[in-house]
Amino acid sequence: MKKTLGLALSFLSFSGLFFSSCEKSAYEGDFKEETEIGREMLLMLSEEAVSLWEEGDSAAVADMVRGDMEISSLRPALSAKPKNAKLAAELGLDRWFVVNFAAERDLSEAGNILVQSPCVELVQPNRYTSVSPSGTVETFKPLTRSAEPCFMSDPYFTSQWNLYNDGSLGSNFRAGADVGAAYAWNLCGGDPGVVVAIIDGPVKYDHEDLAANMWVNEAEFSGNAGVDDDGNGYVDDIYGYNFALGCGGIDWSGPGEVGHGTHVAGIIGAVNGNGKGISSIAGGVDGKGSGVRMMSCQVFYGDSRSASDLQVGNAFIYAADNGACIAQCSYGYDGGTYKKDNDYINKWPFEYRGLKYFMDPSNANCPAVESNVAVFAAGNESTSYSSYPGALPQCVSVTALGPDGLPAAYTNYGLGCNIAAPGGDDNFGQSSKILSTGIDGINGEYAWMAGSSMACPHVSAVIALGMSYALQLGRHFSADEFQAMVYASVDDLDSYLEGGVKQCPDGSALELKNYRGRMGTGSIDAWQMLMQVEGVPSIIVECGKDCRVSLRDYFGGGFESISFKGVEVDPVYESALGLVSASVDGGYLSIRCNRKGSGKIRVKAIAGGTFAGGPGGTGGSEIEREISILSRGVRGWNNGWL
């Protein structure tokens, strides 16, 4: 079993063991076959034992736990007292403890002893993983492409096909195979009130293109070093917390560090319009740090040490308690390792409880949405299962596409996968990967990477953009409503997967039909997310063709007899769509767009006559409806309506 980042990185980990006092016999066969050696385990104690502990009788609890084993310490698993104490108690988080043995032990044997104690309900090893690169991470080399009007001034934007893909960067680039950010920016660029917790490697908080959009704990920033200035139980957590090392300082000096967390952060919230480096999906539009805020929850430290289950669970709790609305998690346990929710839940109970704490509606941190959202990479094992925890129905699991809009050869797909996004194609050269921020001295200030790790933050960022726009418009959504909106905010993908193969440079070929209906609902589109927030349905028209679409859904059953007076289009949207013509006759919109893009038109009409009433005479009422137009390579079902 592996716990992996969604970048093309491999991780070695101990085999998963889980012990339960009520199900011990079910695991005895596993104990014989799988052995872990270590000094530390996680225990869930009974309520009676916890009461004794809280009364100050820790020695009595330790005696009940230890059996005939020599232990050096027993301590609560929670790094700090959760803000939502009621929920933490309901989830049993306050009953988790860490036991340290005086010397290394066979953990299978130790688990069998510990679980015999009447005060121990659950036992699991506190697993650690190690990381080593299995692919190349390339530093940035600029590409050339003609600049498009109305887009960001950041110098490397023209290399970011994932944000705007006009097909000009190479034969394997398909126009429109992007996340649609360049169109969404016309409406919203993000909001500092939306915080994304990046549960990953370190985020280089002083990077020239990230610093202005970092989450900052002001009390700690202006406080005293070594002091918990804000009283949240964490010392010096200025930009987040380093759970891998158990300290406030985010640290990218670990041996073998590849800049994974920093790369993820740049996709979400690099500062847009500052004339430096790259653009991002939700990094604002004015160059002054008006985008969403990024909190670094560091759970990986180079390739020498990553976070344990204990630390990952605490990272989710920290994120919820300190204002994060979204947990961006480009990691997971290899696809196919678990094929049922309960298999994952029973193997990783502490992490699962921390995740539930983060997503519980009582901890929602964005006023516009009644729950925080957790987004995970689907994984890179080319298997027909999403990795966990992303495969859980409460989470969002993201598959990866290349610049051709087709599945990347490495991506997981199938069961548990919810939605697709650009992740890069590591088989087609540097420019087919995702360009984002890096760490100077490791992979440069800007670097190329590929993987479902890179697809995942595209979805996190579009969700953040949707939350930002909802705040801007004063809209409010239930958790179920918002999740449904995310999954509906997609471009069609399956029409490209009906047959044929995708040829890879190494001679391999992907049978595209194997991915049809198995990559999620479609490819995430930022413009459509904003339209979902507005409540404006979109019409899909086929680029380069004259299209005729009924306006019944906008003007009701009498649409054919309404007096339509014309169509108005803002020059920004006219350019974005490459609009050639747009007119209304007999209740039908005739339109031709020569560019794949997104925009709005306004259809004007008279209700109750052929002319508007006024001082000079009786007439009808002027009405108009705003319509979202999606110019795409294919036209959707249902006459183009979404």
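We now turn to the structure provided with this report.

What counts, and at which threshold
- Residues numbered from 1 in each chain as written.
- Predicted model: local features only at pLDDT ≥ 70, side-chain atom pairs only at ≥ 80, totals over all residues.
- Heavy atoms only, no water.
- Phe/Tyr/Trp six-rings, centres within 6.5 Å; stacked < 30°, edge-to-face > 60°.
- Helix = DSSP H or I, 4+ residues; strand = E, 2+ residues; numbered from the N terminus.
- Buried < 20%, exposed > 50% of the residue type's maximum accessible area, 1.4 Å probe, protein only.
- Contact = heavy atoms within 4.5 Å.
- Patch = residues over 30% accessible without salt bridge, like charges linked within 9 Å, V, L, I, M, F, W, Y side chains within 5 Å.
- Areas by Shrake-Rupley, 256 points an atom, 1.4 Å probe, with all protein chains shown as cover.
- Salt bridge = Lys/Arg side-chain N within 4 Å of Asp/Glu carboxyl O.
- Lys, Arg positive; Asp, Glu negative; His and termini not counted.
- Charge placed at Lys NZ, Arg CZ, Asp CG, Glu CD.
- Polar contact = N/O pair within 3.5 Å; in protein donor to acceptor, adjacent residues only side chain to side chain.
- Axes fitted to C-alpha atoms, helices over the stretch in contact; angles between N-to-C directions.
- Left-handed = near helix turned anticlockwise from the far one by under 90°.
- Nonpolar A, V, L, I, M, F, W, Y, C, P; charged D, E, K, R; others polar.
- Pairing = 2+ DSSP bridges.
- Core = buried A, V, L, I, M, F, W, Y, C linked by side-chain atoms within 4.5 Å.

1. A look at the packing of aromatic side chains
Now for step 1: All chains considered together, the criterion is met by 28 aromatic pairs.
Now for step 2: Measuring from ring centre to ring centre gives 5.6 Å for Trp 96 and Phe 350, while their planes differ by 65°; the resulting arrangement is edge-to-face. Pair noted here: Trp 96 is in strand S6 (residues 96-106) and Phe 350 is in helix H11 (residues 349-359), with a separation of 254 residues, a long-range link.
Now for step 3: Residue Trp 96 is classed as buried on the basis of its relative accessible area, which comes to 0%.

2. Focus on the side chain of Thr 262
Now for step 1: Tracing the sequence through the fold places Thr 262 in helix H8 (residues 260-269).
Now for step 2: Residue class for Thr 262 comes out buried when judged on its relative accessible area of 0%.
Now for step 3: In contact with Thr 262, other than residues within four places in its own chain, are Pro 202, Val 203, Lys 204, Leu 210, Ser 436, Thr 437, Gly 438 and Ile 439.

3. Observations regarding a negative patch on the surface
Now for step 1: A cluster of acidic residues, Glu 47, Glu 48, Glu 54, Glu 55, Asp 57 and Asp 94, forms a negative patch at the surface.
Now for step 2: Residue classification places Asp 57 among the partly exposed positions, given a relative accessible area of 34%.

4. As for the side chain of Asp 425
Now for step 1: Secondary-structure assignment places Asp 425 in the loop between strand S19 (419-422) and strand S20 (434-437).
Now for step 2: Of note is the side chain of Asp 425, whose polar atom sits 2.6 Å from the side chain of Lys 502.
Now for step 3: Not counting residues within four places of it along the chain, the set of residues in contact with Asp 425 comprises Gly 402, Pro 403, Asp 404, Ala 408, Ala 409, Ser 432, Lys 433, Ala 450 and Lys 502.

5. Some remarks on the packing of H8 against helix H12 (residues 452-473)
Now for step 1: Contact pair H8 / H12: the axes reach a minimum separation of 8 Å and the direction vectors enclose 35°. Here H8 and H12 pass one another in a crossing that is right-handed. Within the contact between the two elements, H8 uses His 260, His 263, Val 264, Ile 267 and Ile 268 and H12 uses Ser 453, Met 454, Pro 457, His 458, Ser 460 and Ala 461.
Now for step 2: For the contact of H8 with H12, the class distribution of residues is six nonpolar, five polar and no charged.

6. A look at the pattern of salt bridges
Now for step 1: For the coordinates displayed, the defined rule picks out 18 salt bridges.
Now for step 2: For Asp 404, the salt bridge identified is with Lys 502, shortest N-O distance 3.2 Å. Pair noted here: Asp 404 is in the loop between strand S18 (396-401) and S19 and Lys 502 is in strand S23 (residues 501-503), with a separation of 98 residues, a long-range link. No difference in accessibility class separates Asp 404 from Lys 502, as the two residues are buried.
Now for step 3: The network of salt bridges with common partners includes Glu 568, Arg 602, Lys 604 and Glu 624.

7. Let's talk about the sheet that holds strand S29 (residues 579-585)
Now for step 1: Strand order in the open sheet formed by three strands is S27-S30-S29, and the pairing between neighbours is antiparallel. Of all strands in the sheet, those with a lone pairing partner are strand S27 (546-550) and S29, marking the two edges. On average, adjacent strands in this sheet sit at an angle of 15° to one another, irrespective of strand direction.
Now for step 2: Direction of pairing for S27 relative to strand S30 (residues 588-593): antiparallel, over a ladder of five bridges. Paired with Val 549 across the strands is Leu 589, a residue of S30.

8. Things to note about helix H14 (residues 526-534)
Now for step 1: Of all nine residues making up H14, eight are buried, and the element is well covered by its neighbours.
Now for step 2: Gly 535 sits one or two residues past H14 and shows a positive phi near 85°.

9. Overview of unusual backbone geometry
Now for step 1: The omega angle of the peptide bond from Tyr 388 to Pro 389 is 10°, so this bond is cis rather than trans.
Now for step 2: Phi at Asp 236 is positive, roughly 60°, even though this residue is not glycine.
Now for step 3: Among the structural elements, Asp 236 can be located in the loop between helix H7 (218-221) and strand S11 (240-242).
Now for step 4: Despite not being glycine, Ser 382 shows a phi value in the positive range, around 55°.
Now for step 5: Among the structural elements, Ser 382 can be located in the loop between strand S17 (373-377) and S18.
Now for step 6: Given the relative accessible area of 37%, Ser 382 is considered partly exposed.

10. Focus: the environment of Arg 548
Now for step 1: Examined against the element boundaries, Arg 548 turns out to sit in strand S27.
Now for step 2: Placed 41 residues apart in sequence, Arg 548 and Leu 589 show a C-alpha to C-alpha distance of 5.5 Å.

11. Points about the nonpolar core
Now for step 1: Within the largest apolar cluster, 105 residues are counted, with the highest numbers of intra-cluster contacts made by Met 467 and Ile 629.
Now for step 2: With 12 residues, H12 is the single largest residue contributor to this core.
Now for step 3: For Ile 629, the residues in contact, after removing those within four places along its chain, are Ile 539, Val 541, Leu 577, Leu 589, Ile 591, Cys 593, Gly 597, Ser 598, Gly 599 and Ile 601.
Now for step 4: By size, the runner-up hydrophobic cluster in this structure holds 52 residues, among which are Ile 199, Tyr 357, Met 359 and Tyr 388.

Function-wise, these values are silent; they only describe arrangement.
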